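Residue-level listing of the chains:
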Amino acid sequence: MGGYERRPGGTDTGSTTGTGGANAGTVGAQTLTGAPAAPRAPDLLREVTDLLKGPTGAAGAFERLKTMEAAQQTSIATRLSAAQRAKLAGIERSAATGDAGYALLRRCFDATPAAEVNTLCKWTALRFNLTVSATSDSTGAPWDKRGLRRCWDVLQALPAAHVEDNADLSSLTRYRSTSIEGWASDDGEAAIGYGNRNKIDTAVETGDFTDAKDPLRGKNIFDATVRHEIGHRVDSGVGGPAYTATDAGGGWQTWDGSDGMAERIVAASGGKISGWPDAAEKTAIIACLQGVITDRVPNEINTRLGALPFLAGHATDAAKKTKLNDIKGDQAVSALRVAFSHQGPWDLPTGGVKLGDRIYQESYDWPQWVSYKQEARARKFSRYQFRAPGEWFAEAYATYYQPPGQKGALMAGLDDATKTWFDSHVDPQRGAGGTAPAAPGGGAGGGAGGATTTPQTGAQAQTPRGSGAPS
Amino acid sequence: MIARGPRARGTHARAALALLAAVLLAAACGKSHTARGAEGGSGITKGPTQMAATQPDTAIVQDALAKELKVAPGDVKVRPLNVSVPGILVFTASVKAGRPVTRTGIVEGGVIYTETEAMSRVARAWNYGVARTVPPETVAQVFGALHLATAESSPFIDEDTVDTYRSVSGPKRAAAVAMPKEATADGHPAVVYCLTSASRGTPFSVITAMVKPGFQVELRAQPVLED
């Protein structure tokens, strides 16, 4: 504790006077009448500000604050000047860890006015061991207090191994958006987009991502988005790609690029194209479909097929017309008509046209192609889960850690295999504990100023589950 | 490592996004811009600097997006839309800059425009309005592609695709999906078409695109949700 002692029942610094007079803090001072005076309250604010100016600087001041009662911490953090708060937030992270440190960080955060955005970002960065800033590209927008507070509430309910101790997560950034959304990049960035008009405390999912019976329906969109993006940064580290390749995880197959997709889709269909008797014509058909895939132009399927040399004159030649109809009647062609990312096939109740037991689709336009077992949709947590294996995992992650209640409660009975896998492979506490608020211990968590009392709809206020340390 | 994609969420306020994208692209182009009213959609106008006019239109898009995202121009893939609009390139551009990013718009006179501002310029180039100078499918193809500046959208312009979509969608969308058609809305010539998008803020929707005097395009979107 840096030589400082906790002072049980300590002074209500909210009633101390300014920076103290001549006798401020002089215990046992005499009154003018000579009668012994009651012990004067120590001027804790002055103590802290003096420490800030002294050789130990912010570290000493923060350590001194840690020894105080919650109300004292809040009072002092509130009464510091903006510059003093900024200086205090300049501590090394190692000085701010542990339950007491985390609780103090939150009280400092809550006591920091909304206008002090950089300081608010620093508190959040210290708590979660992240760079907290605007995104580096030109869509970047400064954070605001309401967004950071909401992120804090979500992140502190997740395992430390997924957030502050996660080597695959380096930054929490914000970008300008008119809707609540996010993205995660493979360089460790989790970006959250929202605008001033978005009601992040009350906005719930009403159908953009989910069907009525999906577990994520009615849940706070902002919170689910934050969890989703963190889930992206957890995925690889816990073996998500291997699980999503299993039938229980959707049986996903992924191709980065579109080369060879027409051949795969034709084979999966097993239709007339696959068994086309003329090898040269079959090659031409597949090449034509591959061109549609490569150029990403499903609207040109008919035009391009009709232009195949061996179908020249099909408008008047009955045999060629039949050939064209045979090609267009193949499920491979039907599947391609609705399989591109700009058509949002994952949003369809069927996922699209099934080929064998699988759905094939372009998940992203860079492009990435995927296929998955259609029957897995019967166990979905949201429609968006079936965009790509990474989205499958991220939506599962958002569902598993959706409060309140036991972790994975929303999965139980819907996808028990995935809940069990999350319990054993994703959650470092192996499913123990829940997502309901935990009782603050030793002043940690909860805390002064309603640290975690942000009104929420569909998601309960959260405090850390224990230390949040991995088991 | 595979980059994980964006999770576009919530209700999309098109005009504001258009303005944003327009400003970004304009700034990246080194062009001055004027932010028009939110109702006007895109806010890029021609600026005093015309250096871009000597560049191929695709290079202009590459440079703009590269500067916006701080990547090399060669990392930006530009796909022109295969539709003839005099003096205009209609494009979709994408880049995987650690995350997937998509932009749509037009290049006219060396300047990038997006969303309804871009549509208006296309309508002017076609002289489209009371004079229906192109088929409704063509209008839908271009306007649909330009629907969102930051996400790809796809209009239904092919009967077989309409039929396929009808067979795999829910009942409400199956009932709503149709080929583009000419219409009149509020006394203005219009085209009604259906559209899907990669943006979750834009679910399957029926769009009414009105072409007002001066070729000003105004959109009315009717999202169709299954529940």
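Thresholds applied
Residues numbered from 1 in each chain as written. Chains lettered and ligands numbered in written order. Predicted model: local features only at pLDDT ≥ 70, side-chain atom pairs only at ≥ 80, totals over all residues. Heavy atoms only, no water. Helix = DSSP H or I, 4+ residues; strand = E, 2+ residues; numbered from the N terminus. Buried < 20%, exposed > 50% of the residue type's maximum accessible area, 1.4 Å probe, protein only. Contact = heavy atoms within 4.5 Å. Areas by Shrake-Rupley, 256 points an atom, 1.4 Å probe, with all protein chains shown as cover. Axes fitted to C-alpha atoms, helices over the stretch in contact; angles between N-to-C directions. Parallel < 35°, antiparallel > 145°, perpendicular 65-115°, else oblique. Left-handed = near helix turned anticlockwise from the far one by under 90°. Buried area = accessible area lost by both parts, 1.4 Å probe. Salt bridge = Lys/Arg side-chain N within 4 Å of Asp/Glu carboxyl O. Polar contact = N/O pair within 3.5 Å; in protein donor to acceptor, adjacent residues only side chain to side chain. Pairing = 2+ DSSP bridges. pLDDT = per-residue confidence, 0-100. Phe/Tyr/Trp six-rings, centres within 6.5 Å; stacked < 30°, edge-to-face > 60°. Lys NZ or Arg CZ within 6 Å of the ring centre and 35° of its normal.

Observations concerning the overall build of chain A
Looking only at helices and strands, chain A features 16 helices and seven strands. When burial is assessed residue by residue, chain A has 58% of its 471 residues classed as buried. The long-range fraction of contacts in chain A, counting pairs at least 24 apart against all pairs at least 6 apart in sequence, stands at 65%. Taken as a whole, chain A presents about 17300 Å² of accessible surface, with 55% of it coming from carbon and sulfur.

Looking at the packing of helix α5 (residues 98-111) of chain A against helix α7 (residues 145-155) of chain A
Residues and elements named next belong to chain A. Axis separation between α5 and α7 bottoms out at 11 Å; the angle between their running directions is 160 degrees. Here α5 lies roughly antiparallel to α7, going by the angle between them. Classified by chirality, the crossing of α7 by α5 is left-handed. Residues Y102, L105, R106, F109 and D110 of α5 lie in contact with α7, whose contacting residues are K145, L148, R149, W152 and D153.

Some words on the interface of chain B and chain A
One frequently used descriptor of interface size is the decrease in accessible area upon assembly of the parts. In this assembly, 50 residues from chain B lie in contact with 67 residues from chain A. A combined buried area of about 5000 Å² lies between chain B and chain A, and 49% of that area is made up of carbon and sulfur atoms. Scanning the region where chain B abuts chain A turns up six salt bridges. Residue R337 of chain A pairs with D160 of chain B through a salt bridge whose shortest N-O separation is 3.5 Å. Across the contact surface, chain B and chain A share 16 residue pairs in polar contact (both at pLDDT 80 or more).

Observations regarding unusual backbone geometry
Here the amide bond leading from W366 of chain A into P367 of chain A is cis, since omega sits at -5 degrees, within 30 degrees of zero. Positionally, P367 of chain A belongs in the loop between β6 (358-364) and β7 (368-373). The step from P403 of chain A to P404 of chain A runs through a cis peptide bond, and the omega angle for that step is -5 degrees. Mapped onto the fold, P404 of chain A is located in the loop between α15 (389-400) and α16 (416-426). The residue N129 of chain A is not glycine, and still its phi comes out positive at about 55 degrees. Examined against the element boundaries, N129 of chain A turns out to sit in the loop between α6 (117-128) and β1 (131-134). Taking relative accessible area as the criterion, N129 of chain A reaches 39% and is therefore assigned partly exposed. Within the chain, D186 of chain B stands out as a residue other than glycine whose phi angle is a positive 50 degrees.

So, the pattern of salt bridges
All names here are of chain A. Under the counting rule described, the total for this entry stands at 38 salt bridges over all chains. Close ionic contact of D211 with K380 constitutes a salt bridge, the shortest N to O distance being 2.6 Å. With D211 in the loop between β4 (189-194) and α8 (221-235) and K380 in the loop between β7 and α15, this residue pair connects regions lying 169 residues apart in the sequence. On the basis of relative accessible area, D211 is assigned to the partly exposed category, the value being 23%. K380 sits in the buried class, given a relative accessible area of 11%. Between E362 and R296 there is a salt bridge, with its nearest N and O atoms 2.6 Å apart.

So, the sheet that holds β6 of chain A
Neighbouring strands of a sheet are bound in pairs by backbone hydrogen bonds; such pairs are parallel or else antiparallel. Residues and elements named next belong to chain A. One open sheet holds the three strands; their spatial order is β5-β7-β6, and the pairing between them is antiparallel. The sheet is open, and its two borders are formed by β5 (253-256) and β6, each paired with just one other strand. Strand after strand, the sheet turns through a mean of 20 degrees between neighbouring axes, direction not considered. The sheet contact formed by β5 and β7 spans four bridges and is antiparallel. Bridge pairing in β7 links Q253 to S371.

Here we look at the sheet that holds strand β2 (residues 171-176) of chain A
Residue and element names in this part refer to chain A. One open sheet holds the four strands; their spatial order is β1-β2-β4-β3, and the pairing between them is mixed. Edge strands, defined here as strands with exactly one partner in the open sheet, are β1 and β3 (181-184). Direction aside, neighbouring strands of the sheet carry axes that sit 20 degrees apart on average. Along the sheet, α8 makes contact with β3 and β4, crossing β4 at roughly 160 degrees.

Some remarks on the confidence of the model for chain A
Residue-level pLDDT values for chain A average 86, and 84% of them are 70 or greater. Contacts for the low-pLDDT stretch residues 438-471 of chain A, under 50 throughout, to residues beyond four places or in other chains number 94 contacts.

Quick look at the pairing of strand β8 (residues 205-212) of chain B
All names here are of chain B. Within β8, seven of the eight residues are buried, which leaves it mostly tucked inside the rest of the structure. Of the strand pairs in this sheet, strand β7 (residues 188-197) and β8 are connected by six bridges, and their pairing is antiparallel. Following the sheet pairing, V192 is matched in β8 by T208. Relative to strand β9 (residues 216-223), β8 runs antiparallel, the two sharing eight bridges. Residue pairing in the sheet places T208 in a bridge with R220 of β9. Two successive antiparallel strands, β8 and β9, enclose a turn made up of three residues, where G214 displays a positive phi of approximately 80 degrees.

Considering the packing of aromatic side chains
Working definition: an aromatic ring pair is given by the centre-to-centre distance plus the angle between the planes. All names here are of chain A. Inspection of every chain in the model, using the stated rule, returns 25 aromatic pairs over all chains. Pairing W143 with Y194 gives two aromatic rings, centres 6.1 Å apart and planes at 50 degrees, and the pair type is tilted. A residue pair is termed long-range when its members are at least 10 positions apart, and W143 in the loop between β1 and α7 and Y194 in strand β4 qualify at 51 residues. This pair shows no difference in class: W143 is buried, exactly as Y194 is. Ring geometry for Y243 against W392: centres 5.9 Å apart, planes inclined by 55 degrees, an arrangement best described as tilted. One end of the pair, Y243, is in helix α9 (residues 240-244); the other, W392, is in helix α15, and 149 residues separate them in sequence. For the pair formed by Y243 and W392, the shared burial category is buried. Through a chain of ring-to-ring contacts, the aromatic side chains of Y243, W392, F393, Y397, Y400, Y401, W421 and F422 assemble into a single cluster. Across the ring face of F109, the terminal group of K145 is positioned such that the distance to the ring centre comes to 5.8 Å.

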